[in-house]
4 protein chains.
Amino acid sequence: MPKIVDHDRYRKELLVKSFDLFAEKGYAAITMRQVAQGLGVSTGTLYHYFPGKEALFEQLVEELADADIANFSELSEGKSIAELAEAEFKLIEQNREYFLKQMLIMADYYQQQRREGKEISPVLRRICDRVEAAVSKMLGIDDPNFLLFLMSYTDGLLLQELYGHRKIDYQAQAKILIGMLENYFKQNTKNHD
Amino acid sequence: MPKIVDHDRYRKELLVKSFDLFAEKGYAAITMRQVAQGLGVSTGTLYHYFPGKEALFEQLVEELADADIANFSELSEGKSIAELAEAEFKLIEQNREYFLKQMLIMADYYQQQRREGKEISPVLRRICDRVEAAVSKMLGIDDPNFLLFLMSYTDGLLLQELYGHRKIDYQAQAKILIGMLENYFKQNTKNHD
Amino acid sequence: MPKIVDHDRYRKELLVKSFDLFAEKGYAAITMRQVAQGLGVSTGTLYHYFPGKEALFEQLVEELADADIANFSELSEGKSIAELAEAEFKLIEQNREYFLKQMLIMADYYQQQRREGKEISPVLRRICDRVEAAVSKMLGIDDPNFLLFLMSYTDGLLLQELYGHRKIDYQAQAKILIGMLENYFKQNTKNHD
Amino acid sequence: MPKIVDHDRYRKELLVKSFDLFAEKGYAAITMRQVAQGLGVSTGTLYHYFPGKEALFEQLVEELADADIANFSELSEGKSIAELAEAEFKLIEQNREYFLKQMLIMADYYQQQRREGKEISPVLRRICDRVEAAVSKMLGIDDPNFLLFLMSYTDGLLLQELYGHRKIDYQAQAKILIGMLENYFKQNTKNHD
DNA sequence: AATGAATGAGAATTCATTCAT
DNA sequence: AATGAATGAATTCTCATTCAT
């Protein structure tokens, strides 16, 4: 069944391409025709690969959960905390478009699930967990509360972007974070004594 | 002699009541009929007070920008940093529903403005600025970068709720924040010497 | 019951004022609010004087049927045919706005009656007959076929305005009509011998 | 392979079929649902072929401007003026339904354009000009003023139909017209001497 | 597989009319 | 009498979805 592979491969390709479209307009606001057009296919074809709009969106979010947070791992080797933090912020800054879009899609998905009375989606949690794990490994931090703090801070920074905050100085933020981290490790070391 | 109605007062009342509705479903997903029903009026009446769905939503966001962040000011008197931070987190925890909804509405508004090719809305910025000013005054902090850090952190914490994070331990987070703050003030004092 | 006189007088005043409004937009396209606004009253007041939109329009058309075709009679005294014809055309030209509007309203009324399956309205006929009688008296012509010809010609001339005909040369048309009339009278006289 | 439909051909077919519907009820009074129903299609299909009600109506009027005034040319060969005139009136009488409807549509269009503050439509003029050209060629008359007279007369005759005039005697009218024409040609010939 | 024409339920919005004041 | 707020049915138009080709 080589055909099925092709079918599946193409489906995923469409999913990836639809990411921007959903992020730009939002699930409820975008139409299937717009999606089809954006993907360069007919609506008929779109429905050939996905049973409907809702399923398409769900699969997109699941795709996000499966997608590699590829870049994170690159930087994690044997550097000082300061270097790591700086590298992380550079990475965030460089991909802020992507992260912002992912955030918007997740917010959209959250609302959609709520609308339909469903419990908070395990898919969102999965995405969240994986990012957390990546950050944990990258910075060598295990304390869940401190991890939550870090995640919140970086996610929140992206939110500020959305809120229209005047140009964010990622360098300065990195410096603050480094201070936090150094302090954290100092204290942690003390505690472990 | 017309029916005696304070048009403007009633309009604002409707706006306030529509907050939950828009937050729950999202701008694009909710219908004017649903809004009308939720407000307990007919669609005709809704259109009597607002020229259209878009205007209604915009006025809602503007209302948000004008609304008092009343509760913040209460706690700001002569307490230690630790007390203030603890109080702030309690406040966030208690109002997390409201703050989350506001966040969703702002994200929605952001998308809607983008969809229409408008520049990033000054209204969002106004909301953002006011919250920042409130936090600044409350905690007695002026450094914009540190303020941004704080805002990001607290906003990001709310985002984690949305992402389906298992019960967030606001107490533990408060502790972390206090550590940060104490460290910040210590350092700041040193620098000023 | 002096009040009733006032009521009735005011009603007619409103009718007269509504003539332009209906002519400009058409019965179906104009809204009662627009009419009210155009008349400088509230919709409530409008409904106080007329039971509804349809009745208002019907009364307007009836008002047209009752209105004096005042100006026509002025010119009818002891003049030559050429003079009369010329005078008539000047009159048409001067009032072409009014006549055009009347034409539009009558066409509208015709359609509305048809829509409701009613027979061709006697009211329209009444207007038509009165105009015919006026022309007959004015030009001293009795032959119904020739009168019909005359009416058709002048009404048709107005239609040409509506069709966007470049500036119509009423002088030239008057000359043609005079030729027709003179010829008609010559022949008629011969026939009567 | 899409369903094989000649989009443009079908669009024109719909236009032609919508002629009666618009003439019967008027642009503002007829609803798109009614049009769709009258054409035997769904509203969705109607909107698939036309961007909106206004565009549909405009295209209809343009279609009228392009439509052949086919029948006119038939009769124009080598006959006496009397025969031509008689033939014309027979033609008008036979198609009076069609001409009346065209007149109503044009009046409607005129109002609609005015409503929107547009200048007098070139489309109406185009229709008008083409009819004029046809009549000119048919009767062999060039004098624009005399042509205007003829057009006005015949159009006006149709108007009388609308005004509810009792049965119009087209034979008698033809006789009058013949008189006019003969007189016109006689005089014209004299002038050319 | 792929297309896009067709559908009709449902969205935003309007409007004649009613009615409390 | 006069006002204009309130209503909800009806209008224009959209859109997810289906289906013949």
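Predicted, not measured: the structure shown is a model, and the values here were computed from it.

What follows is about the overall build of chain A. If you tally the helices and strands in chain A, you get 10 helices and 0 strands. Secondary structure elements of chain A occur, N-terminal to C-terminal, as α-α-α-α-α-α-α-α-α-α. Across the 193 residues in chain A, those meeting the buried criterion constitute 49%. Put simply, 69% of the contacts in chain A that link residues at least 6 apart link residues at least 24 apart. With the model as given, the accessible surface of chain A reaches about 9600 Å², and the carbon-plus-sulfur share is 50%.

Our focus in this paragraph is the interface of chain B and chain A. Taken together, the contacts link 50 residues of chain B with 49 residues of chain A. Interface area for chain B against chain A, summed over the two sides, is near 4500 Å², with a carbon-plus-sulfur share of 61%. Three residues, Gln111, Leu148 and Tyr163 of chain B, lead the burial of chain B against chain A; their summed loss comes to 14% of the area buried on that side. Secondary structure elements with two or more residues in the side of chain B that touches chain A: α1 (7-25), α7 (96-115), α8 (122-139), α9 (144-162) and α10 (170-192) of chain B. With 14 residues, α9 of chain B is the single largest residue contributor to the side of chain B that touches chain A.

Looking now at the side chain of Asp108 of chain D. Relative to the helices and strands, Asp108 of chain D is located in helix α7 (residues 96-115). Although Asp108 of chain D lies buried, it forms no salt bridge, and the closest oppositely charged side chain, Arg115 of chain D, sits 4.7 Å away as judged by the N-O distance. If we skip the residues at most four places from it in the chain, Asp108 of chain D touches Gln111 of chain C together with Gly26, Tyr27 and Phe57 of chain D.

Moving on, we get to the interface of chain C and chain D. Listed by partner, the interface residues are 49 residues for chain C and 49 residues for chain D. When chain C packs against chain D, the two sides together hide about 4500 Å² of surface, and 61% of this comes from carbon and sulfur. Among the residues of chain C in contact with chain D, Gln111, Leu148 and Tyr163 of chain C are the three that bury the most area, contributing 14% of the side total. On inspection of chain C and its partner chain D, the count reaches 4 salt bridges. Glu24 of chain D is paired through a salt bridge with Arg114 of chain C; the nearest N and O atoms lie 2.6 Å apart. Summed over the shared surface of chain C and chain D, the number is 14 residue pairs in polar contact (both at pLDDT 80 or more). If you list the elements that add at least two residues to the side of chain C that touches chain D, you get α1 (2-25), α7 (96-115), α8 (122-139), α9 (144-162) and α10 (170-192) of chain C.

Residues spaced three or four apart along an α-helix face the same direction, because each turn holds 3.6 residues. The terminal C-alpha atoms of α7 of chain C lie 28 Å apart, and with 20 residues this matches the ideal 28 Å at 1.5 Å per residue to within 8%. By the criterion of burial, α7 of chain C is predominantly enclosed, with 15 of the 20 residues buried.

In the superposition of chain B on chain A (RMSD 0.1 Å, axial shift 0.0 Å), the rotation amounts to 180 degrees. Within this description, the copies of the chain are treated as partners about a two-fold rotation axis. Residue by residue, 98% of the interface of chain B is reproduced at the interface of chain A, so both copies engage with the same surface.

This next bit is on the pattern of salt bridges. Overall, the coordinates contain 42 salt bridges over all chains when judged by the stated rule. As a salt-bridge pair, Glu97 of chain A and Lys101 of chain A come within 3.9 Å of each other at their nearest N and O atoms. Taken together, the residues span about one helical turn, with Glu97 of chain A and Lys101 of chain A both in helix α7 (residues 96-115) at a distance of 4 residues. The buried category is assigned to Lys101 of chain A, whose relative accessible area is 14%. One continuous salt-bridge network, built from bridges that share partners, spans Asp20, Glu24, Glu97 and Lys101 of chain A together with Arg114 of chain B.

A few words on the relation of the copies chain C and chain D. By a simple turn and slide, chain C fits onto chain D: the slide is 0.0 Å along the axis, the RMSD is 0.1 Å, and the turn is 180 degrees. Interface overlap between copies is the fraction of interface residues in one copy that are interface residues in the other; for chain C against chain D it reaches 98%, indicating a shared surface.

It is worth spelling out the environment of Glu24 of chain A at this point. Within the secondary structure, Glu24 of chain A is located in helix α1 (residues 2-25). Along the primary structure Glu24 of chain A and Ile105 of chain A are separated by 81 residues, whereas in three dimensions their C-alpha atoms are 9.0 Å apart. Apart from residues lying up to four places away in sequence, Glu24 of chain A is in contact with Lys101 of chain A together with Gln111 and Arg114 of chain B. Looking at Glu24 of chain A, its side chain comes within polar contact range of the side chain of Arg114 of chain B, at 2.6 Å.

We now examine the domain arrangement of chain A. Residues and elements named next belong to chain A. According to the domain assignment, chain A contains domain 1 (1-56) and domain 2 (68-192). Across the boundary between the two partners, domain 1 contributes 8 residues, which contact 10 residues of domain 2. Note on domain 1 versus domain 2: buried area summed over both sides is about 750 Å², and carbon and sulfur give 59% of it. At the surface where domain 1 touches domain 2, the tally comes to 2 salt bridges.

So, on to helix α9 (residues 144-162) of chain A. Residues and elements named next belong to chain A. Helix length check: α9 (19 residues) gives 27 Å between terminal C-alpha atoms against 27 Å at 1.5 Å per residue, within 8%. Sitting at the amino-terminal end of α9 is Asp143, which places a side-chain oxygen 3.0 Å from the backbone nitrogen of Asn145. Taken from the residues just after α9, Gly164 is the one with a positive phi, measuring 90 degrees.

All names here are of chain B. The interhelical angle for the contact between α1 and α7, taken along N-to-C directions, is 70 degrees, at an axis separation of 9 Å. Comparing their axes, α7 and α1 come out roughly perpendicular. For the pair α1 and α7, the crossing hand works out as left-handed. Across the interface between the two elements, Phe19, Asp20, Phe22, Ala23 and Glu24 from α1 touch Tyr98, Lys101, Gln102, Leu104 and Ile105 from α7.

This part is about the side chain of Asp155 of chain B. In this structure, Asp155 of chain B sits in helix α9. The class for Asp155 of chain B is buried, based on a relative accessible area of 13%. Every residue in contact with Asp155 of chain B, bar those within four places of it in the chain, is listed here: Leu159, Gln160 and Tyr163 of chain A together with Met103 of chain B.

This brings us to the packing of α7 of chain D against helix α8 (residues 122-139) of chain D. In a pair of packed helices, the angle between the axes and the distance between the axes together describe the arrangement. All names here are of chain D. As a packed pair, α7 and α8 sit with axes 10 Å apart at the nearest point and diverge in direction by 155 degrees. Looking at the two axes, α7 sits roughly antiparallel to α8. Between α7 and α8 lies a crossing of left-handed hand. Listed contacts from α8 to Gln102, Met106, Tyr109 and Tyr110 of α7 are Val123, Leu124 and Ile127.

In this section: the environment of Leu46 of chain A. With respect to the secondary-structure elements, Leu46 of chain A resides in helix α3 (residues 43-49). On the accessibility criterion, Leu46 of chain A (0% relative accessible area) is buried.

Time to look at the packing of aromatic side chains. If you walk through the whole model with that rule in mind, you get 46 aromatic pairs over all chains. Here the aromatic rings of Phe19 of chain B and Tyr98 of chain B are separated by 5.2 Å at their centres, their planes lie at 35 degrees, and the arrangement is tilted. Note that Phe19 of chain B is positioned in helix α1 and Tyr98 of chain B in helix α7, a separation of 79 residues in sequence. Look at Phe146 of chain D and Phe149 of chain D: their rings are 5.3 Å apart centre to centre, the planes differ by 45 degrees, and that puts the pair in the tilted class. Placement of the pair is Phe146 of chain D and Phe149 of chain D together in helix α9 (residues 144-162), with a separation of 3 residues, close to one helical turn. For the pair Phe146 of chain D and Phe149 of chain D, a shared accessibility class is recorded, and that class is buried. An aromatic cluster is built from Phe89, Phe146, Phe149 and Tyr153 of chain A together with Phe89, Phe146, Phe149 and Tyr153 of chain B, whose rings are joined through pairwise contacts. The cationic tip of Lys53 of chain A hangs over the ring face of Tyr27 of chain A; the distance from NZ or CZ to the ring centre is 4.8 Å.

Calculation rules
- Residues numbered from 1 in each chain as written.
- Chains lettered and ligands numbered in written order.
- Predicted model: local features only at pLDDT ≥ 70, side-chain atom pairs only at ≥ 80, totals over all residues.
- Heavy atoms only, no water.
- Helix = DSSP H or I, 4+ residues; strand = E, 2+ residues; numbered from the N terminus.
- Buried < 20%, exposed > 50% of the residue type's maximum accessible area, 1.4 Å probe, protein only.
- Contact = heavy atoms within 4.5 Å.
- Areas by Shrake-Rupley, 256 points an atom, 1.4 Å probe, with all protein chains shown as cover.
- Buried area = accessible area lost by both parts, 1.4 Å probe.
- Lys, Arg positive; Asp, Glu negative; His and termini not counted.
- Salt bridge = Lys/Arg side-chain N within 4 Å of Asp/Glu carboxyl O.
- Polar contact = N/O pair within 3.5 Å; in protein donor to acceptor, adjacent residues only side chain to side chain.
- Expected span 1.5 Å × (residues − 1).
- Least-squares fit on C-alpha atoms with pLDDT ≥ 70 in both.
- Domains from an automatic or database assignment.
- Axes fitted to C-alpha atoms, helices over the stretch in contact; angles between N-to-C directions.
- Parallel < 35°, antiparallel > 145°, perpendicular 65-115°, else oblique.
- Left-handed = near helix turned anticlockwise from the far one by under 90°.
- Phe/Tyr/Trp six-rings, centres within 6.5 Å; stacked < 30°, edge-to-face > 60°.
- Lys NZ or Arg CZ within 6 Å of the ring centre and 35° of its normal.

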